[in-house]
Structure formats: C-alpha cells, structure tokens
Amino acid sequence: MGRAEDRRARQRGGRRAAPPRRSSAAASAASPEEQVTVVGGRAAARRAAQGRGRAKGKGKDGRSFIRRMFTWKKIVGTVFGVCLLGMGAFIALYMMIGIPKGNADAELQSNVYKYSDGSLLTRDGERNREIVDLAKVPKDVQRTFVAAENKTFYKDNGVDLKGTARGLLNTVSGKGAQGGSTITQQYVKNYYLTQNQTISRKLKELVISLKLDREKSKDYILAGYINTSYYGRGAYGIQAAAQAYYRVDAQKLSVEQGAYLAALLQAPNQYDWAIASDTGQKLVKARWNYVLDNMVEEGWLDKAKREAMTFPIPKAPKAAAGMGGQTGYLVDAANNQLAQQLVAQGTADNVKDAQTLVGRGGWTITLNIDKKKQAALEKAAKSQLTSKLDPKKRSVDADVQAGAASVNPKTGAVVAMYGGQDYYKHFRNNATRTDYQPASTFKPVILAAALDENAQTQSGKPITANTIYDGTSKRPVVDHGTKVGFAPENEDDADYGDITVQKAMNESVNSVFAQMGVDVGMDKVLKVASQMGMDTADLKSVPAQTLGTMGASPLQMAGVYATLDNHGKKVTPTIIKSVENSQHQVTLPDPIGDQVVSREAADSVTSVLTGVVDDGTAKVSVRDNADRDGRKVAGKTGTSDENRSAWFSGYTPDLVTSVGLFGESKKNGAQVSMYKAGGFPRVNGGGFPAQIWAAYTFGVSGKGLKFDLDTTQGAGVQPSYTPTPTKSASETPSETPTSEAPTSEAPSETPTKTPTQTPTQTPTQSPTQSPTQSPTGGIENPLDPNNREP
C-alpha cells in the first residue's frame with residue numbers, strides 16, 4: 001500500500017491492515033537467520049507467559065498447583081495403588097486366618113442366679129437344645145429360613161460385601177448394628193466368633209465365611225445356622241423351637257409354622273406371639289408374609305397354596321424345668337435387663353444377639369431380690385388374693401391376674417417381685433407387662449407436673465393442694481373458655497361440688513384432674529411422666545390421658561413412686577445387683593439419676609398422698625390395718641375403665657411397692673372386666689391390691705421412720721394453728737351424704753364414700769382437710785365460691 005492510499009484510508013477512519021502471516025512454506029524457505037528470529041520470538045512469548053503464570057502462583061507450565069497435583073495420571077495411579085494395597089492386605093488376612101473351632105461361648109453351660117445375700121436362687125440347667133440332621137427338617141421348612149434371611153444363599157459365596165462394608169462403616173462411626181449379612185456370616189458369628197461389635201471381628205467374620213463357604217456344603221452351613229440360633233422361650237435350635245411353639249418335632253413342622261420360626265429369629269422376644277404387644281404381633285405377621293412371598297418369588301412355593309395359608313398362632317408357652325413358682329419370672333426379668341445392658345455398652349449389636357449371648361450360659365447373676373421380702377410378697381398375694389378366689393364358684397375368678405414390684409427408693413434395687421401365681425401356669429410376668437392402664441395411680445404425676453411447672457389455673461391462680469376445683473361428674477373440660485370435648489365421669493357418677501385438690505386426690509375425682517391436666521398442659525404432663533420413668537414416647541397429648549389410659553407395668557409405677565419417695569431424684573428400678581462372666585465385662589448403670597422433679601414438688605405430692613391413705617380410698621385396707629403400727633404411708637388407688645385393672649401404688653420412707661390386678665381371659669388372654677371377682681361387685685384399688693400391699697409392707701418395712709418433707713402443703717403437713725370451734729361444723733358439700741356409695745358396691749371397698757366421714761373430722765386435721773385452714777397455697781379462702789376453679 002502506497003503512501004497516498006494509506007493517507008486515504010486514515011481519512012476514511014479505517015485501519016491499516018495487519019501484515020499477512022508467513023506461511024509454513026515461506027518460513028521454511030526463509031534464511032537461517034530469519035528462522036532464528038521467528039523461533040526466538042515464540043520462545044520469548046512462552047517465557048513471557050510463564051512469567052505471568054508465576055506471578056499468579058502457577059507453575060512453570062502455567063498451570064495452578066491444584067491442577068498439577070490432581071492430574072488424571074496421578075488420580076488413577078493413587079486409586080490403583082490403594083486397591084493393590086487393599087488386595088494385598090486382604091490376601092494376607094485370608095492366609096493368616098483359618099476356620100477355628102467353636103468358641104467357648106458356644107459350649108453348653110448353665111447360668112447361675114443368686115439372691116442378694118449370695119445364696120443360690122437357681123441354675124438354669126442344661127441348655128434347651130437338640131441338634132437335628134438337616135435331612136429331618138422338611139425341605140420347604142429349610143427354605144423358609146433362606147427366604148427370611150438370605151434369598152441368594154444357594155448362589156452366593158457366603159458373604160454380602162455391601163452389607164459387610166456398611167457394617168464396618170457403622171462400627172467406625174459408632175452407629176451400631178446394620179442388617180444385611182448372609183446366613184453363612186450369621187452362623188460364623190454365632191458359632192465361631194463373638195457378638196462384639198468391632199472391626200476386627202467383622203473382618204474375621206468375612207474371611208471365615210469365605211473359607212467356610214468354599215470348604216463346606218450349603219446344607220452343612222444351613223444346618224449349623226438353624227441348630228444354633230436362639231428362638232426365644234429358652235429354645236436353642238429348630239428342634240427345641242418346634243416343641244416350644246408348636247409341640248411337634250422339627251420333622252413335622254408345616255411350611256406356615258416354619259415361616260413363623262424363621263420370622264421369629266429377627267426379634268425372638270418381640271415376636272413371641274404370647275407376650276408380644278399389638279405392634280409386635282403386627283410386625284411378626286408382616287414378617288411371616290414376607291417370608292412366604294419370597295418363597296413364591298423364588299419358585300419354592302406354589303402361589304395358590306400360598307394364598308390359602310393362614311397365620312399359625314403358636315401354642316401357649318410352657319416354662320422350662322426348674323423355673324416354677326416365682327423363679328422363672330425373676331430369671332426372665334434378670335436376663336432381659338442383662339441383654340439390654342449388653343447392647344447399651346456395645347458388647348452385642350442388638351437385643352437378639354445379646355439374648356443369644358446370655359442364653360449360651362456361663363453367667364453368674366446376683367439379683368437384688370431379698371429372700372425374706374420375696375417370701376413375704378408371695379405370702380401376701382396368696383393370703384390376700386389367690387386363697388380368696390374360687391374359679392369353680394365364680395368363673396371370673398379364673399381371669400384375675402396379679403403382679404407386684406417392690407423397690408428400695410434410695411438404691412433403686414428391686415427387692416421383691418410377684419409375676420403371677422406360677423411361672424408354669426402363667427408364662428407372662430405380670431410385674432413387667434405394660435398392656436394395662438394404670439388408671440388413677442397416674443393422678444399424682446399430674447399434680448407433680450403442676451407443682452414442678454408452677455402451673456396456674458386458667459384464672460391465674462397457682463395450683464396447690466388447696467386450690468378449689470369443680471368436682472361435678474361429667475363436667476366438660478374447658479381450655480380458656482373453650483370446651484375441649486372431654487367430660488369424664490367420676491366413679492359411680494358421684495358429684496363432689498367445690499373441693500380442694502387434696503380432697504380430689506383422696507376421692508380420686510376424675511373431673512378435677514382432667515381439668516388440671518389441661519391447665520398444666522398435657523404436653524408438660526407427659527414430659528414429667530417420661531422423666532419419672534413412664535413410657536410416653538408414642539402418646540398423644542390429649543386430656544383423656546389424665547385418666548391413666550396409657551399402658552404401664554407395676555415395675556414402672558414402682559419407679560415413678562420411688563422417684564417421689566426419693567424427693568424427685570430419678571429412680572430406675574434394677575433387678576440385677578452384679579454380673580460375672582469369664583469372657584465379658586458388664587458395667588451396670590447407676591439406678592439413681594438426676595433431679596427430674598423439684599424436691600418441693602415431689603415432697604408436696606407425697607404430703608398429699610398421705611391423705612389418700614388416712615382419709616381417702618385406702619382407709620380400711622391401709623390406715624386401719626392392725627399391723628400398720630404407726631408407719632407413715634403415702635399412696636394412691638386406681639381402677640380402670642370396665643374394671644379391667646385395679647391398682648395400689650404406695651410407699652413408706654424406706655420401701656415402694658406397686659400392686660396391680662389385671663382381668664385376663666383364661667381362654668384367649670384378652671383383657672376382660674373383673675366385676676364380681678372374689679364375690680365383690682367391683683375390684684377396686686382399695687380392695688385386693690391395697691390389702692396385698694399392706695400385708696406385705698407392714699411385715700417388712702422399718703418402724704418409726706418419717707417422711708422428710710420440704711413442703712408447706714398437703715395432708716402430711718401439721719396445722720400451725722388451732723381452728724376455732726365455730727368453724728368446725730361448716731363442712732363442704734362434698735362431705736354430705738350425696739357422695740354415699742351405691743348399694744352395688746362392696747362395703748369393704750368403698751370406705752371413703754360413706755357418710756361416717758363427716759363426724760370423724762376433728763379440729764386437729766391437717767390444713768387441707770380443715771374448713772378453717774390458713775392460706776398456704778395462694779388462695780385466700782379455699783371455701784369461698786368466688787375462688788372456685790372450673
């Protein structure tokens with residue numbers, strides 16, 4: 001381009017075109033000097049780029065440190081190296097670990113059970129196990145176990161790598177057990193190894209399973225598995241299980257029965273039909289269906305036959321030899337607590353494994369059971385109940401079951417337990433069963449929550465023993481002016497009018513405590529109940545719970561009342577004193593826990609409960625008992641809907657005992673009413689339960705002991721003034737003959753309903769019972785109608 005053309009381009013605003021690049025051919029044809037110039041220019045450019053990269057923290061090649069570290073070559077090399085190391089380590093383990101002999105825990109041993117003083121309670125005898133050849137077990141029954149536990153058993157190499165990896169990961173992270181192991185692995189764990197949840201045990205399990213699968217047949221492994229597994233009811237192996245659940249030999253089991261036994265292995269106690277909860281029965285049925293459906297899927301069972309099958313309900317359990325009387329109940333309770341502790345401390349992965357570990361034997365278990373107190377409790381139950389029942393004369397008498405638990409409130413030790421008339425005759429432990437309602441024995445928990453939470457009535461007044469409530473039967477419960485759709489009936493539909501909380505506790509007035517529960521807040525009530533030892537996890541916070549409609553056992557209620565007796569410090573009843581085993585260490589938790597209810601609240605409830613004994617539903621059985629001998633007593637009666645259960649839970653300063661009576665059909669185990677049992681129109685808490693309690697407690701508890709109460713309210717507080725004579729005749733309407741017992745009630749069970757209560761009132765009565773008491777609970781005049789709560 002000439003100068004003239006260049007000038008014209010600038011005038012047009014254009015730009016001088018860049019000189020064209022030289023072609024490769026041109027560059028090749030260039031002289032050596034020109035080539036040096038070109039190459040030098042490119043090198044200079046690269047050096048400039050590298051300089052800029054180093055200025056920005058990059059390497060000589062201009063890449064960042066991270067890009068240089070994580071190249072594909074390095075990543076692939078690292079992964080390959082790790083795999084090689086892992087394979088090498090596994091090969092080394094495989095060569096080092098052989099198939100061992102059966103471990104010591106697999107040998108037959110007895111467990112030894114002792115009383116608290118070290119004397120022998122019982123030995124559990126020879127292991128209930130009989131090894132049978134696999135050929136004697138029907139082929140379809142064999143397959144039920146495969147369908148339940150490991151459908152690929154006949155095809156796999158003995159291990160589940162995913163399940164094992166998951167188990168190792170959970171062990172490292174502390175998440176506990178994880179399902180997924182094969183039948184081979186389970187057999188190896190049960191027979192060759194231990195139940196310890198450790199990485200080394202899981203790795204050994206993997207290696208031994210692989211070797212065993214190579215060296216032994218599938219039939220050998222399956223036979224070992226079904227012959228060593230624990231099925232519950234003290235049965236080890238399929239032969240013992242067939243007898244325990246269906247009274248037949250293993251070779252006569254049907255497919256339906258085999259499917260139940262196979263399903264049982266997942267959770268022997270929870271799935272035992274005789275003692276399972278409603279949830280447990282639903283779960284085992286679902287598991288049973290799962291087993292049979294898997295058999296159809298694998299082609300082992302005809303679909304039409306499967307659809308025609310019905311669930312085979314097991315026979316009622318029979319106790320093992322040497323467990324008669326109360327012994328079997330005590331042994332079972334101890335075994336269950338030990339199994340739970342083995343899981344809690346990580347010795348076993350789950351309850352099933354722990355029960356298997358306990359059942360193998362070799363344990364010396366010393367119980368907290370006091371031999372003299374145990375004998376006294378059994379004697380009281382016989383003299384006050386079973387000797388008075390006559391099933392031949394009254395068929396309902398055969399449906400009455402009794403359970404009791406006695407606890408030392410200072411140590412949490414279960415010093416006596418009554419599980420039923422005989423372990424041979426009634427397998428289920430009535431002291432630990434949780435399927436019956438505690439009824440009005442729950443009312444002290446409501447009051448404890450009110451006092452601990454500093455709750456107020458809906459008019460803003462603090463709830464105390466002196467607070468006035470409306471005791472009218474069927475009075476609708478209200479929540480800040482709105483009816484909540486709950487209007488409970490008092491016993492015998494009795495109306496009490498305006499009464500104090502103390503009087504409502506004495507007479508067990510449902511309408512008062514239903515309203516109190518709403519005033520406190522049912523969520524708070526259930527929270528306090530849980531803290532005191534009741535199982536409230538799945539309960540809804542509804543007013544109906546104030547009537548004690550949840551399930552509870554005598555052992556649980558003994559713990560709740562022991563917490564009150566222990567001034568609000570949590571007491572968890574424990575039947576085990578110590579445990580010894582050559583292979584395993586067991587650390588028992590402290591039965592005495594934290595302060596879950598304030599001392600003032602707990603002591604106030606105790607003070608109120610002394611009124612139930614001295615001026616309430618337990619007067620005749622407890623207060624007027626000739627053997628009381630001045631002992632201080634607090635307690636509460638309870639009778640559930642339709643008279644299906646009746647309770648008395650009470651305590652002295654040194655002993656807490658809860659007694660429950662349960663209506664259980666002798667024919668099918670269903671809950672039934674106890675009306676007319678023992679010849680009485682109704683079985684009340686103040687009747688048989690309180691009589692058993694008194695006969696036992698007044699024979700073994702200490703004399704001259706007093707409650708050390710930190711409270712200014714309740715029947716246990718002595719008045720600090722002398723009431724004026726002119727006020728003593730002014731009784732509340734609830735003391736009039738309107739609360740007289742109905743003619744259908746047995747006189748011995750309704751002492752608090754008769755009009756004779758009025759003349760027995762004296763000026764020396766405690767403030768909560770006196771019409772002229774001073775205001776100790778925040779109400780200026782408890783009998784003033786203007787201070788009345790709904």
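Note that the structure is predicted; figures quoted are calculated from it, not measured.

Procedures and definitions
Residues numbered from 1 in each chain as written. Predicted model: local features only at pLDDT ≥ 70, side-chain atom pairs only at ≥ 80, totals over all residues. Heavy atoms only, no water. Axes fitted to C-alpha atoms, helices over the stretch in contact; angles between N-to-C directions. Helix = DSSP H or I, 4+ residues; strand = E, 2+ residues; numbered from the N terminus. Left-handed = near helix turned anticlockwise from the far one by under 90°. Contact = heavy atoms within 4.5 Å. Nonpolar A, V, L, I, M, F, W, Y, C, P; charged D, E, K, R; others polar. Pairing = 2+ DSSP bridges. Buried < 20%, exposed > 50% of the residue type's maximum accessible area, 1.4 Å probe, protein only. Lys, Arg positive; Asp, Glu negative; His and termini not counted. Salt bridge = Lys/Arg side-chain N within 4 Å of Asp/Glu carboxyl O. Phe/Tyr/Trp six-rings, centres within 6.5 Å; stacked < 30°, edge-to-face > 60°. Lys NZ or Arg CZ within 6 Å of the ring centre and 35° of its normal.

Visitor: Quick rundown of the packing of helix 18 (residues 371-384) against helix 26 (residues 688-700)? Include the residues and the values.
Guide: Between helix 18 and helix 26, the least distance of the axes is 9 Å, while the angle of their chain directions is 145 degrees. Along this stretch, helix 18 crosses helix 26, giving a crossing that reads as right-handed. In contact with Lys373, Ala376, Leu377, Ala380, Ala381 and Gln384 of helix 18, helix 26 contributes Phe688, Gln691, Ile692, Ala695, Tyr696 and Val700. For the contact of helix 18 with helix 26, the residue count by class is nine nonpolar, two polar and one charged.

Visitor: Go over the sheet that holds strand 1 (residues 112-114) with me, naming the residues and quoting the values.
Guide: What the four strands build is an open sheet, ordered 2-1-3-11; its pairing is mixed. Only two strands of the sheet have a single partner each, and these edge strands are strand 2 (120-123) and strand 11 (576-580). Between one strand axis and the next, the sheet turns by 15 degrees as a mean value, whatever way the strands run. Bridge count for strand 1 against strand 2 is three bridges, and the pairing is antiparallel. Its bridge partner being in strand 2, Tyr113 is matched across the sheet by Thr122. Contacts from helix 16 (residues 327-344) reach strand 1, strand 2, strand 3 (364-367) and strand 11 within the one sheet, and its direction differs from that of strand 3 by about 110 degrees.

Visitor: An account of unusual backbone geometry is requested, with residue identities and associated values reported.
Guide: Not every positive phi belongs to a glycine, and Ser508 is a case in point at roughly 55 degrees. As for its position among the elements, Ser508 is in the loop between helix 20 (501-507) and helix 21 (510-520). Residue classification places Ser508 among the buried positions, given a relative accessible area of 10%. Despite not being glycine, Asp629 has its phi angle at roughly 55 degrees, a positive value.

Visitor: Residue-level account of the sheet that holds strand 13 (residues 634-639), with values.
Guide: Ordered by their spatial adjacency, five strands build an open sheet running 5-4-15-14-13, and the pairing between neighbours is antiparallel. Only two strands of the sheet have a single partner each, and these edge strands are strand 5 (414-418) and strand 13. Between one strand and the next, the sheet's axes are offset by a mean angle of 5 degrees, whatever the strand orientation. Pairing of strand 13 with strand 14 (residues 645-652), which is carried by six bridges, proceeds in the antiparallel orientation. Note that in strand 14 the partner of Thr637 across the bridge is Phe648. The strands touched by helix 26 are strand 4 (400-407), strand 5, strand 14 and strand 15 (655-663); relative to strand 15, the strand with the most contacts, the crossing angle is about 150 degrees.

Visitor: Explain the environment of Val296 to me, and be specific about the residues and the numbers.
Guide: Tracing the backbone through its elements, the reader meets Val296 in helix 14 (residues 278-297). For the pair Val296 and Arg306, spaced ten residues apart in the sequence, the C-alpha separation amounts to 7.5 Å. In this structure Val296 touches Leu301, Asp302, Lys303 and Arg306, once residues within four positions along its chain are discounted.

Visitor: I'd like a description of helix 10 (residues 218-228), backed by residues and values.
Guide: Most of helix 10 sits inside the fold, with nine of its eleven residues counted as buried. Lys218, Ile221, Leu222, Ala223, Gly224, Tyr225, Ile226, Asn227 and Thr228 are the residues of helix 10 that are buried.

Visitor: So what's going on with the environment of Asp519? Which residues, and what values?
Guide: By the secondary structure assignment, Asp519 is in helix 21. For Asp519, a relative accessible area of 12% corresponds to the buried category.

Visitor: Quick one: what's the story with the pairing of strand 14, residue by residue and with numbers?
Guide: Most of strand 14 is tucked away: eight of the eight residues are buried. Along strand 14, one buried face is formed by Ser645, Trp647, Ser649 and Tyr651 and the opposite face, lined by Ala646, Phe648, Gly650 and Thr652, is buried too. In this structure, strand 14 lies alongside strand 15, joined through eight bridges in antiparallel fashion. By the bridge assignment for strand 15, Gly650 is matched with Thr657. Taking the residues that link successive antiparallel strands as the turn, the strand 14-strand 15 hairpin has two residues.

Visitor: Talk me through the side chain of Lys570; I want residue IDs and the actual numbers.
Guide: Checked against the element boundaries, Lys570 lands in strand 10 (residues 569-571). Within the buried set, Lys570 has no salt-bridge partner at all; the shortest N-O distance to an opposite charge, 9.1 Å, is to Asp594. Once residues lying within four places of it in the same chain are set aside, the contact partners of Lys570 are Gln531, Met532, Gly533, Thr563, Pro591, Ile592, Gly593, Asp594 and Val596.

Visitor: How would you explain the packing of aromatic side chains if you had to name every residue and give the values?
Guide: All told, the structure shown has 19 aromatic pairs when counted by the stated rule. Each ring, one from Tyr329 and one from Tyr423, has its centre 5.2 Å from the other, and the planes form 90 degrees; the classification is edge-to-face. One end of the pair, Tyr329, is in helix 16; the other, Tyr423, is in the loop between strand 5 and helix 19 (443-452), and 94 residues separate them in sequence. For the residue pair Tyr329 and Tyr423, the accessibility class agrees, reading buried in each case. Ring plane angle 75 degrees and centroid distance 5.2 Å describe the contact between Phe648 and Trp693, whose orientation is recorded as edge-to-face. Of this pair, Phe648 sits in strand 14 while Trp693 sits in helix 26, placing them 45 residues apart in sequence. We classify Trp693 as buried; its relative accessible area is 0%. One aromatic cluster is present, built from ring pairs that chain together Tyr245, Tyr246, Tyr260, Trp273, Trp288 and Phe311. Of note, Lys216 hangs over the ring of Tyr220, and the distance from its end group to the ring centre comes to 4.9 Å. The cationic tip of Lys218 hangs over the ring face of Phe153; the distance from NZ or CZ to the ring centre is 4.7 Å.

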